[in-house]
Amino acid sequence: MALAGFDSEQFLRDYWQQEPLLIRQGLPGFQCPIDGNDLAGLACEEDVESRIVAGKDDRWHLRNGPMEASVFSELPATHWTLLVQRVDQWCDEITDLIRHFDFLPQWRIEDVMASYAVTGGGVGPHFDRYDVFLIQGAGQREWRLGQRCDESDTTLDSQPLRLLSEFNEQARYVLEPGDILYVPPGIAHWGTALDDECITLSVGFRAPSLSQILERWWETLSCELTEDLRYRDTAATLAAGQTLDTRHIEHLRALLSDALKDNTSLISSFGELVTEAGDDSHPEPRAVPSKGVCRSLDSRITVFEDNEITLLFANGMSMEVEPSCLPYLHQICRLIPGDVLPDALWLALQKASPDAASFLLSTSALIAE
């Protein structure tokens, strides 16, 4: 399901993680499947992550959910916004939006967040460390794009949000329903609702930090290192005498390098990290036919294959599988959460690899009824 007037190859070459791009009417005739009342109802649920941001200039207030229904009657007439995470797990039509981004790996998609704002509402000038497609669902929102930012950019200390103390405007757009604005990591942006019906749907992409990746890798690797693997002297280190010098460090680096050559531990730790569920909730499937199998709404599935190993990843877990079942796993990976598996596909996977089929069920990546 391609976006209208959109060249995915050009986008990946010239814009992805490089430059912002406005896609006018990428979803022509788009009718937002969710409204402010729907989002307010979700925000009152215990297992839904939500927050309300109210304010302007350098005076901002943050309230985290779950919300009491009375909160919404106490809000001012202008300058507030409600943000609800993972609305794709609660609304079929929003889940379907993911199909329009099949030119990118699905395991990179974090979630679809919805924000409802009244006139003047927004979250202030900020930047994200991940890619995001901002889909205008209803009403109008003005987006201002600013400078490239990183950890060194200063933020306001007088409010609970990490808002930029300086914003150097580079471009300004008003988005109508169906318009999409792509913002790469590190680009400052500032959205403001222009009416009381403003809804923006944000498709965010998962981008773990190197520290997270290294931490997970070490957790995996340390389980495989035995106490017998220890520092040992060499002729060069003994010749160094009583002091620690570069010969000791070079020897240590070589020892560590040997330990880090286990490519399988790196693959498995990274695959498990990027397929972990976004939170601890596990929404039930919205509709599963009798005796059918579907991808669960919080499922993350991918595979890794090379000449040495074939690994299946699902919801933060992994197992080695036979290459013969890859054609069926690739088809399952292309389905979006909530999709029902064709009976022929499920039967073919069970025949090719009963263990892989059981694994997907045991991780709750697939749900059978």
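As a reminder, the structure under discussion sits directly above these lines.
Residues numbered from 1 in each chain as written. Predicted model: local features only at pLDDT ≥ 70, side-chain atom pairs only at ≥ 80, totals over all residues. Heavy atoms only, no water.

**What to know about the overall build of the protein chain**
- Each helix and strand counted, the protein chain has 11 helices and 16 strands in total.
- In terms of overall dimensions, the protein chain has a C-alpha envelope of 75 × 60 × 45 Å along the principal axes.
- Long-range pairs, those at least 24 residues apart, make up 77% of the contacts in the protein chain with a sequence separation of at least 6.
- Per element, the accessible surface of the protein chain, about 18900 Å² overall, is 50% carbon and sulfur.
- Considering the protein chain, the positive charge centre built from 28 side chains and the negative charge centre built from 60 side chains are found 3 Å apart. (Helix = DSSP H or I, 4+ residues; strand = E, 2+ residues; numbered from the N terminus. Contact = heavy atoms within 4.5 Å. Areas by Shrake-Rupley, 256 points an atom, 1.4 Å probe, with all protein chains shown as cover. Lys, Arg positive; Asp, Glu negative; His and termini not counted. Charge placed at Lys NZ, Arg CZ, Asp CG, Glu CD.)

**Notes on helix α2 (residues 36-43)**
- For α2, the complete set of buried residues consists of Gly36, Leu39, Ala40, Leu42 and Ala43. The buried side chains of α2 occupy one side of the element, clustering within an arc of 160° when seen end-on.
- Buried residues belonging to α2 abut β2 (50-56), α3 (70-73), β4 (80-84), β5 (109-117) and β11 (198-205). (Buried < 20%, exposed > 50% of the residue type's maximum accessible area, 1.4 Å probe, protein only. Arc of directions from axis to C-beta.)

**So, the packing of helix α9 (residues 326-334) against helix α10 (residues 343-352)**
- Contact geometry of α9 with α10 gives a least axis separation of 9 Å together with a crossing angle of 140°. Judged on the interaxial angle alone, α10 and α9 are oblique. In this structure, the crossing between α9 and α10 has a hand that is left-handed. For the pair α9 and α10, the contacting residues are Tyr328, Leu329, Gln331 and Ile332 in the first and Leu345, Ala348, Leu349 and Ala352 in the second.
- In terms of residue class, the contact of α9 with α10 is built from 7 nonpolar, 1 polar and no charged. (Axes fitted to C-alpha atoms, helices over the stretch in contact; angles between N-to-C directions. Parallel < 35°, antiparallel > 145°, perpendicular 65-115°, else oblique. Left-handed = near helix turned anticlockwise from the far one by under 90°. Nonpolar A, V, L, I, M, F, W, Y, C, P; charged D, E, K, R; others polar.)

**Quick word on the environment of proline 125**
- Mapping proline 125 onto the fold places it in the loop between β5 and β6 (132-138).
- Proline 125 gets classed as buried once you look at its relative accessible area, which sits at 7%.
- For the pair proline 125 and valine 174, spaced 49 residues apart in sequence, the C-alpha separation works out to 16 Å.
- In this structure proline 125 touches Arg162, Leu163, Leu164, Phe167, His189 and Trp190, once residues within four positions along its chain are discounted.

**A closer look at a negative patch on the surface**
- Residues Asp35, Asp38, Asp196 and Glu197 make up a contiguous surface patch of negative charge.
- Looking at the secondary structure, you find aspartate 35 in the loop between β1 (21-23) and α2.
- Classification of aspartate 35 by relative accessible area gives partly exposed; the value is 36%. (Patch = residues over 30% accessible without salt bridge, like charges linked within 9 Å, V, L, I, M, F, W, Y side chains within 5 Å. Salt bridge = Lys/Arg side-chain N within 4 Å of Asp/Glu carboxyl O.)

**Here we look at the sheet that holds strand β15 (residues 317-320)**
- Read from one edge of the open sheet, 3 strands run β13-β14-β15, paired in antiparallel fashion. Across the chains shown, the open sheet's two edge strands, defined by having one partner strand only, are β13 (301-305) and β15. On average, adjacent strands in this sheet sit at an angle of 20° to one another, irrespective of strand direction.
- Sheet analysis places β13 next to strand β14 (residues 310-314), joined by 5 bridges and oriented antiparallel. Counterpart to isoleucine 301 in the pairing with β14 is alanine 314.
- Packed on one face of the sheet, helix α8 (residues 263-274) meets β13, β14 and β15 and runs near 25° to β14.
- Along the sheet face, α9 touches β13 and β14 and points at about 145° away from the line of β13. (Pairing = 2+ DSSP bridges.)

**Things to note about the sheet that holds β6**
- Spatially, 8 strands are ordered β1-β9-β6-β11-β5-β4-β2-β3 in an open sheet, and the strand pairing comes out antiparallel. Each end of this open sheet is capped by a strand with a single partner; those strands are β1 and β3 (59-64). If you compare each strand with its neighbour and ignore which way they point, the axes differ by 20° on average.
- Seen against the sheet, α2 touches β2, β4, β5 and β11 and runs at an angle of roughly 65° to β4.

**Focus: the packing of aromatic side chains**
- The final tally for this structure, using the stated rule, is 17 aromatic pairs.
- Centroid distance phenylalanine 6 to phenylalanine 11: 5.3 Å. Interplanar angle 50°. Geometry classified as tilted. Comparing phenylalanine 6 with phenylalanine 11 shows no difference in burial state: the two are buried.
- Their ring planes at 40° and their centres at 5.7 Å tell us that phenylalanine 11 and phenylalanine 133 sit as a pair that is tilted. Of the two residues, phenylalanine 11 sits in helix α1 (residues 8-14) while phenylalanine 133 sits in strand β6, which places them 122 residues apart along the sequence.
- Grouping aromatic residues by their ring pairs yields a cluster made of Phe6, Phe11, Tyr15, Trp16, Phe101, Phe103, Phe133, Tyr182 and Phe205.
- For the cation-ring pair, arginine 144 lies above tryptophan 190, with the distance from its terminal atom to the ring centre recorded as 4.2 Å. (Phe/Tyr/Trp six-rings, centres within 6.5 Å; stacked < 30°, edge-to-face > 60°. Lys NZ or Arg CZ within 6 Å of the ring centre and 35° of its normal.)

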